[in-house]
Amino acid sequence: MAGSPRRIALLLALTACGGSSIVSATPAANAAECKRKAAGFYLQFADEGGAKKLSMSLQAMPASLTGAFGDPERGKEILTNRQKGDCLSCHKVSALSSIADQGGIGPSLDGCGSRYDDGQLRQMIVNPKAYFPNTIMPSYYSPDGASEASVLTAPEVEDLVSYMKTLK
Amino acid sequence: MQATYIAALVLAVASLFAGNSVYADTEIRRSIAPAESTNPLKELIQGAEFIPAQIRAQQADDFDNPAFSYVESGEILWGTPEGPAGKSCQTCHGGDQSPISIKRAAANYPKYFGESRQVISLSSRINICRKKNIGAAPWGEDSTEMVSLLAYLGSLGRGAPSAVDVEGLNAPVFEHGQKLFETKLGLLQLSCAQCHNNNYGQKFGGDIVSQGHPLSYPSFKVSENRVITLHERFQMCNRLVRAEPQQLNAPDYVALELYLSWRSKSLPITAPGVRP
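Residues numbered from 1 in each chain as written. Chains lettered and ligands numbered in written order. Predicted model: local features only at pLDDT ≥ 70, side-chain atom pairs only at ≥ 80, totals over all residues. Heavy atoms only, no water.

**Student:** Which residues make up the overall build of chain B, and what are the values?
**Tutor:** Counting its secondary structure elements, chain B contains 12 helices and seven strands. Counting over 276 residues, chain B shows a buried share of 45%. Of the roughly 13,900 Å² that chain B leaves accessible, carbon and sulfur atoms contribute 55%. (Helix = DSSP H or I, 4+ residues; strand = E, 2+ residues; numbered from the N terminus. Buried < 20%, exposed > 50% of the residue type's maximum accessible area, 1.4 Å probe, protein only. Areas by Shrake-Rupley, 256 points an atom, 1.4 Å probe, with all protein chains shown as cover.)

Structure representation (structure tokens):
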């Protein structure tokens, strides 16, 4: 009962998003943008982490870039390879503690497989600024450019996501 | 009695491993306030404060410093006659007890040079001198001779800060250098400022990010097992963010060197350095 008036207010706000005046690329993007803002505004009172969780799920990339699952073994190689992902330059992974000198600029990746779903992990690799606008982390995949303008290829991103899912 | 012997033995063995704890995140690093209030850094910390204690000790000891042999070669080259008239640097500039300007040469460059009508680096000035005053062929930017002379002149400037001028004719190049420092570069789209202004002290790629001061160059880079110049370090940084490196002594690199020299005031020159 306690959350109920808030939930009603949230639903009202979301439905009001149909006629939003937010300028964006398409009407669908308008509505999505508006929902994101409205939901965030209400949820920050209902649930401490709620706004963050909602914005994360709204901006996830649920579809596989290749239409198939990746290979976690190859993903581990991409994560550790300095010429590829080079993730350990900035992040720590306890499961790979045999590799020395892991970085501390970014948060530890331990447990990211439990904390985030595939879509969120994929979004974080492809465009971390969607979740963390001020992050120093580069974007590791660029769909528009040719493959040389992208740090990782689509299959490599999928392999990496598969490996990160194992980091529970 | 036996207990104390055992304790002493344990301590002795433990101290063998003490040197390995080099990446303490809570290390206190000595800093000074920047000379200019417009400096983006609020505290200036020398490069040596970010490197492992072992390597810091190597840099501090001229006999142990692998780059110091370059200083000695540089001193020899300084006095070696060349060209049709058999002149050496020493002929005009005297020995290292010579006029102050040579002691401070490393600190004054890059600077605007009237005859070339542009801001030039110390290596360019050396080559101009070689051609005009000695009549000798220029040295390559990363040749052993050039690196030796840069190491020698750098060592003469030790202990005093950079004295670059960023006003007047130097101003446009200084501003360009500042812009470059803040420009996102390469496939990874990272700017110098993001790491060296905002994330120094963090563990990255097996090292600790420094503030990126130019004061220890030329420097012996342990991972490359050779002495490198500042511009070679820029090339490495470019490759790190997966950008195309430029030529040594490229205008962008000279501009960046000018900006970094200003930004380092008033930390002292520590060339030649040792870096991991």
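**Student:** Give me the lowdown on the overall build of chain A, citing residues and values where you can.
**Tutor:** Regarding its fold elements, chain A presents seven helices and zero strands. The N-to-C order of helical and strand elements in chain A reads α-α-α-α-α-α-α. In chain A, buried positions account for 37% of the 168 residues. Look at the contacts in chain A between residues 6 or more apart in sequence, and 51% of them connect residues 24 or more apart. Accessible area for chain A stands at about 9,500 Å²; split by element, carbon and sulfur atoms hold 59% of it. (Contact = heavy atoms within 4.5 Å.)

**Student:** How would you summarise the nonpolar core if you had to cite specific residues and measurements?
**Tutor:** Ranked by internal contacts, the top residues of the largest apolar core, which has 30 residues, are Leu79(A), Val93(A), Cys112(A), Ile125(A), Leu152(A), Val157(A) and Leu160(A). At the level of elements, helix 4 (72–80), helix 6 (118–126) and helix 7 (154–165) of chain A are the ones that each hand at least two residues to this core. Here the element with the most residues in this core is helix 7 of chain A; it accounts for six residues. Every residue in contact with Leu152(A), bar those within four places of it in the chain, is listed here: Ile78(A), Lys84(A), Gly85(A), Ile125(A), Tyr140(A), Tyr141(A), Val157(A) and Leu160(A). Membership of the second largest hydrophobic core comes to 20 residues, among which are Cys89(B), Trp139(B), Leu149(B) and Tyr152(B). (Core = buried A, V, L, I, M, F, W, Y, C linked by side-chain atoms within 4.5 Å.)

**Student:** Any details on the interface of chain B and chain A? Residues and values, ideally.
**Tutor:** Counting from both sides, the interface comprises 14 residues of chain B and, opposite them, 20 residues of chain A. In total, chain B and chain A occlude about 1,300 Å² of area from one another, counting both sides; carbon and sulfur atoms represent 57% of this. Summed over the shared surface of chain B and chain A, the result is zero salt bridges. The tally of links between chain B and chain A comes to six residue pairs in polar contact (both at pLDDT 80 or more). When its residues are assigned to classes, the side of chain B that touches chain A shows seven nonpolar, five polar and two charged. (Buried area = accessible area lost by both parts, 1.4 Å probe. Salt bridge = Lys/Arg side-chain N within 4 Å of Asp/Glu carboxyl O. Polar contact = N/O pair within 3.5 Å; in protein donor to acceptor, adjacent residues only side chain to side chain. Nonpolar A, V, L, I, M, F, W, Y, C, P; charged D, E, K, R; others polar.)

**Student:** So what about the confidence of the model for chain B? Which residues, and what values?
**Tutor:** All names here are of chain B. Across chain B, pLDDT averages 90, with 88% of residues at or above 70. Low pLDDT (under 50) marks residues 14–25, which in the prediction has 11 contacts with non-local residues, meaning those over four places away or in another chain. Here the prediction assigns the complex a pTM of 0.80, and the interface score ipTM is 0.78. (pLDDT = per-residue confidence, 0-100.)

**Student:** Quick one: what's the story with the packing of aromatic side chains, residue by residue and with numbers?
**Tutor:** With the rule as written, the count across this model stands at eight aromatic pairs over all chains. A cation over an aromatic ring shows up here: Arg130(B) above the ring of Trp139(B), its NZ or CZ 3.9 Å from the ring centre. (Phe/Tyr/Trp six-rings, centres within 6.5 Å; stacked < 30°, edge-to-face > 60°. Lys NZ or Arg CZ within 6 Å of the ring centre and 35° of its normal.)

**Student:** Tell me about the packing of helix 9 (residues 171–182) of chain B against helix 12 (residues 251–263) of chain B, and please be specific about residues and values.
**Tutor:** Residue and element names in this part refer to chain B. Taken N-terminus to C-terminus, the directions of helix 9 and helix 12 make an angle of 90°; their axes are 7 Å apart at the nearest point. Relative to helix 12, helix 9 is oriented roughly perpendicular. The residues of helix 12 that touch helix 9, namely those facing Val173, Phe174, His176, Gly177, Gln178, Leu180 and Phe181, are Asp252, Ala255, Leu256, Leu258, Tyr259, Leu260, Trp262 and Arg263. Across the contact of helix 9 with helix 12, the residue classes break down as 10 nonpolar, three polar and two charged. (Axes fitted to C-alpha atoms, helices over the stretch in contact; angles between N-to-C directions. Parallel < 35°, antiparallel > 145°, perpendicular 65-115°, else oblique.)

**Student:** Summarise unusual backbone geometry; cite the residues concerned and give the values.
**Tutor:** Note: most residues except glycine have negative phi, and most peptide bonds are trans. All names here are of chain B. Of note, the bond from Tyr109 into Pro110 is cis; its omega dihedral lies within 30 degrees of zero at 0°. The amide bond that connects Ala271 to the next residue, Pro272, takes the cis arrangement and shows omega of -10°. Tracing the backbone through its elements, the reader meets Pro272 in the loop between helix 12 and strand 7 (273–275). Positive phi, normally seen in glycine, also occurs at Arg117, with a value near 55°. Relative to the helices and strands, Arg117 is located in the loop between strand 1 (111–113) and strand 2 (118–120). The class for Arg117 is exposed, based on a relative accessible area of 67%. Non-glycine residue Asn249 carries a positive phi angle of around 70°. On the secondary structure map, Asn249 appears in the loop between helix 11 (230–240) and helix 12.

**Student:** Please give an account of helix 8 (residues 144–156) of chain B that cites residues and values.
**Tutor:** Here helix 8 of chain B spans 18 Å end to end across 13 residues, near enough to the 18 Å set by a 1.5 Å rise per residue. All of the buried residues along helix 8 of chain B are Met146(B), Val147(B), Ser148(B), Leu149(B), Leu150(B), Ala151(B), Tyr152(B), Leu153(B), Gly154(B), Ser155(B) and Leu156(B). (Expected span 1.5 Å × (residues − 1).)

**Student:** Can you tell me about the sheet that holds strand 7 of chain B, naming the residues and giving the values?
**Tutor:** Backbone-to-backbone hydrogen bonds join strands into a sheet, with any given pair of strands oriented parallel or antiparallel. Residue and element names in this part refer to chain B. As summarised here, the arrangement of the three strands in space is 6-5-7, forming an open sheet in which the pairing is mixed. Two strands close off the open sheet at either side, each with one partner strand: strand 6 (226–228) and strand 7. Sheet twist, expressed as the average angle between the axes of neighbouring strands with direction ignored, equals 35°. Of the strands in this sheet, strand 5 (219–221) and strand 6 touch helix 11, which is tilted by about 95° from strand 6. (Pairing = 2+ DSSP bridges.)

**Student:** Which residues make up the pattern of salt bridges, and what values go with them?
**Tutor:** Two side chains of opposite charge can pair, provided their charged atoms sit close to one another. Residue and element names in this part refer to chain A. Here the structure, examined in full by the defined rule, presents 11 salt bridges over all chains. Residue Asp71 pairs with Arg74 through a salt bridge whose shortest N-O separation is 3.8 Å. Connected via shared salt-bridge partners are Asp71, Arg74 and Asp159.

**Student:** Can you break down the side chain of Ser89(A) residue by residue, with the values?
**Tutor:** With respect to the helices and strands, Ser89(A) occurs in the loop between helix 4 and helix 5 (112–115). Side-chain polar atoms of Ser89(A) contact the side chain of Asp86(A), separated by 2.9 Å. The contact partners of Ser89(A), leaving out residues within four places of it in the chain, are Arg82(A), Gly103(A), Lys203(B), Phe204(B) and Gly205(B).

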